[in-house]
Amino acid sequence: MNILIKNITALLPDGEGIKAKICDICISGDRIVSVDSAPENFIAQKVINGSGKMAIPGLINCHTHAYMTVFRNVADDLSFQDWLMGNIMPLEDQLTSEDGYWGAMLGCLEMIKTGTTCFTDMHMFEGQSVRAAYESGMRAVISRGLSGGESDKAGAKRRIDEALREMDAAKSLDDNGRISFLLGPHAIYTCDNGYLSEIVALAKEKKLGLNVHLSESRFEVGSCMEQHGCSPVELLDKLGLFELPTLAAHCVHLSDDDISLLAKRGVSVATNPISNMKLGNGFAPIPKLQKAGVNICLGTDGAASNNALNMFREMGILSLIHKGALEEAQAVSAVDVLNFATVNGAKALGLETGVISPGKKADIAILDLDVPQFRPLNNPVSALCYSANGSEVETVIIDGNIVMENRRMATLDEQRIFFEVERIRNKFGK
Ligand SMILES: [Zn+2]
């Protein structure tokens, strides 16, 4: 389908920066074909009146567990260890595959409604994330969480088999390449070294990148030092993970040597500031990582530790915490966070998205400018970072398909999703 978005204020790439320009955006099939005045010979089957609206690149949530929406507000105000080992993992043991599907559907619904067009997911029921991404129309990079080793050889093998099976099954989907995969070794404290090495060998064989949790808590770093005599970053480097394209979530507790190593190996860091702070873990040293040249992207983590999948909230807070903690107003700018949430995410995942530019995939969120928090619109990028709350998102296009128009979902049945998650809630809610 050809879509013409007329007279819209669009955020376009401008060298390292971003500029706002009123233009027409033409979309043909899954691609943006022009961002100027519409060519005379462009025949649109669908015209969207963009006046009073702003088009931004669809946001890329580089780290989440979409199914965890079913655990929203279930285990709050707990330490990381107590939250994960004492609460979330036992709850996950009770979760059925179908529960995992409805949780992922709710996650997709929440993300689309707040302008996210692509997410990186790690799920115990990988096929249910695939199903939710496929049905919702979202772009997704999915991994089966892999854990185990000598102490759980059968489980470790079963998880790898499941990952391979789901990747194979997804080949038959008519998704125009929207759904892709990474291998997902969960973390150094849930996988032993032998298992991590096995995953590296498999990733090399299958030509897949990796999605891993890294240096999230002081406890993880301290235990690693005790057991292996090096930091988690150094351990993963020794095991060869960084020879593959790696997306490392969190990276909160890093030494200067760790930061240099991540930069040298081209590891992308997905920072999740709200989850990290909520679990009392701190937050990643973003200005230092930026200075070292690390590709930084942004994620929400799961709703059990955030407790929302709203990238606007994440962008504002990311910028503010560094300004506040460093007493430096220029520490992380609005342009920086918007880049983390768009182009840098696309770079980390190897996707042709993240900017509104001819030739790129048509992943666009359209926001209503007719709201008090956007008036007057002195600086659109600042407005997105410091004033927006996500409720301004009105229409969302992913891969050239309109998945939400004027806040009405085209792909998902909201009420059905709410019904199903309320049913599941009775199992987990307090
Ligand atoms: Zn995570």
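Residues numbered from 1 in each chain as written. Predicted model: local features only at pLDDT ≥ 70, side-chain atom pairs only at ≥ 80, totals over all residues.

## Notes on the domain arrangement of the protein chain
Put simply, an interface is often sized by how much accessible area is lost when its parts join up. Once the domains are mapped, the protein chain shows domain 1 (2-58 + 360-409) and domain 2 (59-349). Inter-centroid distance (C-alpha atoms) of domain 1 to domain 2 is 28 Å. The partner domain 2 presents 25 residues to the 23 residues of domain 1 that form the contact. Going through the elements one at a time, strand 2 (17-28), strand 5 (53-57), helix 14 (380-387), strand 16 (393-398) and strand 17 (401-405) are the ones with two or more residues in the side of domain 1 that touches domain 2. Looking at the side of domain 1 that touches domain 2, the element that brings in the most residues is helix 14, giving five residues. Among the residues making up the side of domain 1 that touches domain 2, the classes are represented as 14 nonpolar, six polar and three charged. (Domains from an automatic or database assignment. Contact = placed C-beta atoms within 7 Å. Helix = DSSP H or I, 4+ residues; strand = E, 2+ residues; numbered from the N terminus. Nonpolar A, V, L, I, M, F, W, Y, C, P; charged D, E, K, R; others polar.)

## Digging into the nonpolar core
Residues Ile25, Ala55, Met105, Cys108, Val269 and Leu298 are the most contacted members of the largest nonpolar core, which totals 132 residues. For valine 269, the contacting residues outside a window of four places in its chain are Ala248, Cys251, Leu262, Ala284, Leu289, Val294 and Ile296. (Core = buried A, V, L, I, M, F, W, Y, C linked by C-beta atoms within 7 Å. Buried ≥ 20, exposed ≤ 12 C-beta atoms within 10 Å, placed from the backbone.)

## Section: the environment of lysine 288
Positionally, lysine 288 belongs in helix 10 (residues 286-292). A residue is classified by how many C-beta atoms lie within 10 Å of it, and lysine 288, with 12 of them, is exposed. A sequence separation of 34 residues divides lysine 288 from histidine 322, and the C-alpha atoms of the two residues are 11 Å apart.

## What to know about the environment of threonine 342
Structurally, threonine 342 is set in the loop between helix 12 (334-340) and helix 13 (343-349). Linking threonine 342 and cysteine 224, residues 118 residues apart in sequence, is a C-alpha distance of 33 Å. Leave out the neighbours within four places in its chain, and threonine 342 touches Pro57, Leu59, Ile60, Gly354 and Val355.

## Here we look at the pairing of strand 1 (residues 2-14)
Bridge count between strand 1 and strand 2: 11 bridges; the pairing is antiparallel. Residue pairing for strand 2: proline 13 is matched across the bridge by isoleucine 18. Linkage of strand 1 to strand 2, two consecutive antiparallel strands, is achieved through a turn of two residues, within which glycine 15 is found at a positive phi near 60°. Sheet topology note: the strand 1/strand 4 (residues 46-49) ladder contains four bridges and is parallel. Looking at strand 4, one finds that isoleucine 3 is bridged to lysine 46. (Pairing = 2+ DSSP bridges.)

## Brief notes about unusual backbone geometry
Cis geometry is found at the peptide bond from asparagine 306 to asparagine 307, where omega equals 10°. You can see asparagine 307 is positioned in the loop between strand 14 (295-298) and helix 11 (311-326). Omega for the peptide link from arginine 375 to proline 376 comes to -15°, which places this bond in the cis form. Its location among the elements puts proline 376 in the loop between strand 15 (364-368) and helix 14. Even without a glycine there, the phi angle at aspartate 301 is positive, about 65°. Taking the number of C-beta atoms within 10 Å as the measure of exposure, aspartate 301 has 28 and is therefore buried. Backbone geometry places asparagine 406, a non-glycine residue, at a positive phi of 50°. Within the secondary structure, asparagine 406 sits in the loop between strand 17 and strand 18 (408-409).

## Things to note about the packing of helix 3 (residues 126-136) against helix 4 (residues 153-170)
A pair of packed helices is captured by two measures, namely the crossing angle of their axes and the spacing between those axes. The contact between helix 3 and helix 4 brings their axes to 9 Å, and the two run at 25°. Between helix 3 and helix 4, the crossing angle belongs to the class labelled roughly parallel. When you trace helix 3 past helix 4, the crossing you get is right-handed. Residues Glu126, Gly127 and Val130 of helix 3 form the contact with helix 4, whose own contacting residues are Glu162, Ala163, Glu166, Ala169 and Ala170. Residue composition of the contact of helix 3 with helix 4, by class: four nonpolar, one polar and three charged. (Axes fitted to C-alpha atoms, helices over the stretch in contact; angles between N-to-C directions. Parallel < 35°, antiparallel > 145°, perpendicular 65-115°, else oblique. Left-handed = near helix turned anticlockwise from the far one by under 90°.)

## Quick look at the pairing of strand 8 (residues 139-146)
The element strand 8 is largely enclosed, with a buried count of eight among its eight residues. By the bridge criterion, six bridges tie strand 7 (residues 116-123) to strand 8 in an arrangement that is parallel. Residue pairing across strands places cysteine 118 opposite arginine 139, the latter belonging to strand 8. Handedness of the crossover joining strand 7 and strand 8 through helix 3 is recorded here as right-handed. Bridging between strand 8 and strand 9 (residues 179-181) involves three bridges; their strand directions are parallel. Looking at the pairing, valine 141 lines up with serine 180 of strand 9. Following the chain from strand 8 across helix 4 to the adjacent parallel strand 9, one finds a crossover that is right-handed. In the sheet, strand 8 pairs with strand 10 (residues 184-185) via two bridges, with the strands oriented parallel. For glycine 145, the partnering residue across the bridge sits in strand 10 and is glycine 184. (Right-handed = clockwise from strand over helix to strand, strands pointing away.)

## Some remarks on the sheet that holds strand 12 (residues 246-250)
Pairing is parallel in the open sheet, where four strands are placed in the order 11-12-13-14. The sheet is open, and its two edges are formed by strand 11 (210-214) and strand 14, each paired on a single side. Here the strands of the sheet are splayed against their neighbours by 30° on average, with no regard to which way each runs.

## What about the packing of helix 2 (residues 97-113) against helix 3?
Viewed as axis vectors pointing N to C, helix 2 and helix 3 meet at an angle of 40°, and their least axial separation amounts to 8 Å. The angle between helix 2 and helix 3 falls in the class oblique. With respect to the hand of their crossing, helix 2 and helix 3 are arranged in right-handed fashion. Where helix 2 approaches helix 3, its residues Ser97, Gly100, Tyr101, Ala104, Met105, Cys108 and Ile112 are matched on the opposing element by Gln128, Ser129, Arg131, Ala132, Ala133 and Ser136. Split by residue class, the contact of helix 2 with helix 3 holds seven nonpolar, five polar and one charged.

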